[in-house]
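Tertiary structure, described
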Amino acid sequence: KKLFFSGLTAVEKKLAEYKCNTNEAIQLKLVRFPEDLEDENTTFNPEYSHQVFGDDEVAFGYKGLKILLYYIAGNLSTLFRVEYTSKVNEKFDCVEADDVESKIREIIPPGFCTNTDDFVSLLEKEVNFKPFGMLLHTYSIHNEEGGEDITYQIYKADMTCPGFREYHERLQTFLMWFIETASFIDVDDERWNYFLVFEKYNKDGATLFATVGYMTVYNYYVYPDKTRPRVSQMLVLPPFQGEGHGAQLLETVHRYYMSSPTVLDITAEDPSENYVKLRDFVLVKLCQDLLCFSPVKLMQGFSQEMVTEAQQKLKINKQHTRRVYEILRLRATNMGDAEQSRSYRLDVKRRLIGPYKKKQRELAKMRRCLRPEEMTNQLNQIDLNLQREQLEESFQQLVSDYRRVLERLAQA
């Protein structure tokens, strides 16, 4: 270490002090009351900033850098300010500070405030903000802290709702900070549907609405006269995470499409691990009362009847129905019983081995092209043992994921 540091020149040492981690520098807020501006408890930070500031997630040229992005809780009017205690100047070893401001301006729409007074006067008009579109679902969650029930509502909106286009532009900026590979969508394509979650809250005797999260769904055309909605983005804002809003939103969206005869089934684009867990929970909750998933039928194995019923009644595709079946069958199986447990294990592993078998076939093709001395029997053996280990590992991982879903279901 000493050698390394002695190798640094005084200038390099000084420059190193002017690097800031952008995940810490960016401070986000959803503001309901003027006092929220000063309250550190209402501040949250991004999980990611690499899409704006590069893979290192570093801004160079500042000490004590703060990038303030404050949003009014409902309509998301924005305050954007950059603050720092000192900044490198160009005379100082010919280096320039990063242009932080223009990087943020690239992702937030114009029309934001740059000083607190303007922002506070906008906050006073927030009482006029109402959710966009059509109300689909209302639910309430008990808040331990305040000891009260809080009411939430889910709406379906589209670009014809007055003011929604501008609101959505402000809302989608959050994707950059919380979804690793986020991109903005083409809002002029009419096949997009938007589902929004709002919290109702009181301020000076009036009822106001705060943005909680949202989901975008794209309606793909399926020949000849059906559509296949595909979930594209889903975000519950950090102050509301872990309260069950994601499950409410996904279930509401499923129920919305279930009532449409032209919808074939619902899929998702490149789902994250968390989304898969959420979807497992919601789909199992929807499916558990279908006759085709009765314990007797579960024990007889996965059937076409399950596929058909889940698709026709609940718009669930075959692949997801298979997972639902495995989770519900686990619930109906006594894993302490050797015979039942073995039967379950084989059933799931038979599905898991599919990709391996495909690989085997490809290997077999390859082998035909190689001279026998190039392929040894050992290779096959190693391959098989490794495959067994990987298969067992995948199975154990699945079962522990499935158990978590069942625990959540038991509490629901």
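In this text the structure is predicted, and so the values were computed from the model without any measurement. (Residues numbered from 1 in each chain as written. Predicted model: local features only at pLDDT ≥ 70, side-chain atom pairs only at ≥ 80, totals over all residues. Heavy atoms only, no water.)

1. Concerning the overall build of the protein
Across its full length, the protein holds 15 helices and 14 strands. Over its C-alpha atoms, taken along the principal directions, the protein stretches across nearly 70 × 65 × 45 Å. Per-residue burial over the protein gives 45% buried out of 412 residues. Here the analysis covers contacts within the protein between residues at least 6 apart in sequence; of these, 67% occur between residues at least 24 apart. With the model as given, the accessible surface of the protein reaches about 22700 Å², and the carbon-plus-sulfur share is 49%. Across the protein, the centroid of the 54 positively charged side chains sits 8 Å from that of the 62 negatively charged ones. (Helix = DSSP H or I, 4+ residues; strand = E, 2+ residues; numbered from the N terminus. Buried < 20%, exposed > 50% of the residue type's maximum accessible area, 1.4 Å probe, protein only. Contact = heavy atoms within 4.5 Å. Areas by Shrake-Rupley, 256 points an atom, 1.4 Å probe, with all protein chains shown as cover. Lys, Arg positive; Asp, Glu negative; His and termini not counted. Charge placed at Lys NZ, Arg CZ, Asp CG, Glu CD.)

2. Remarks on the UniProt feature "site: Interaction with histone H4 N-terminus" (unreviewed entry) in the protein
Feature annotation in UniProt places "site: Interaction with histone H4 N-terminus" (unreviewed entry) on Trp192, given in this structure's numbering. Inspection of the secondary structure puts Trp192 in strand β11 (residues 192–203). Trp192 has contacts with Ile185, Asp186, Thr216, Val217, Tyr218 and Ser232, leaving out every residue within four places of it along the chain. From its side chain, Trp192 meets the backbone oxygen of Asp186 in a polar contact 3.3 Å long. (UniProt positions renumbered as here; feature names shortened; annotations may be inferred. Polar contact = N/O pair within 3.5 Å; in protein donor to acceptor, adjacent residues only side chain to side chain.)

3. Side note on a positive patch on the surface
Taken together, the side chains of Lys357, Lys358, Arg361, Lys365 and Arg368 present a region of like positive charge at the surface. Position of Lys358 among the secondary structure elements: in helix α14 (residues 338–369). (Patch = residues over 30% accessible without salt bridge, like charges linked within 9 Å, V, L, I, M, F, W, Y side chains within 5 Å. Salt bridge = Lys/Arg side-chain N within 4 Å of Asp/Glu carboxyl O.)

4. Concerning the sheet that holds strand β7 (residues 78–83)
Across the sheet, which stays open at both edges, the four strands sit in the order β3-β2-β6-β7 with mixed pairing between neighbours. Each having just a single partner strand, β3 (43–44) and β7 make up the two edges of the open sheet. Lying on the sheet, helix α6 (residues 116–124) is in contact with β2 (26–31), β6 (66–72) and β7; it crosses β6 at an angle near 20°. (Pairing = 2+ DSSP bridges. Axes fitted to C-alpha atoms, helices over the stretch in contact; angles between N-to-C directions.)

5. Considering the pattern of salt bridges
According to the stated counting rule, one finds 21 salt bridges in the structure shown. Across the salt bridge formed by Asp188 and Arg165, the nearest N and O atoms sit 3.0 Å from each other. Here Asp188 is found in the loop between α8 (173–178) and β11, whereas its partner Arg165 is found in helix α7 (residues 164–171), with 23 residues between them in sequence. Its relative accessible area of 32% is what places Arg165 among the partly exposed residues. One salt bridge connects Lys285 with Glu251, and the closest N-O pair in it is separated by 2.6 Å. Here the residue Lys285 occupies a position in helix α10 (residues 273–287), and Glu251 occupies one in helix α9 (residues 245–258), the gap between them amounting to 34 residues. Residue Lys285 is classed as partly exposed on the basis of its relative accessible area of 30%. Look at the salt bridges and you will find they share partners, linking Arg322, Glu326, Arg329, Asp347, Arg350 and Arg351 into a network.

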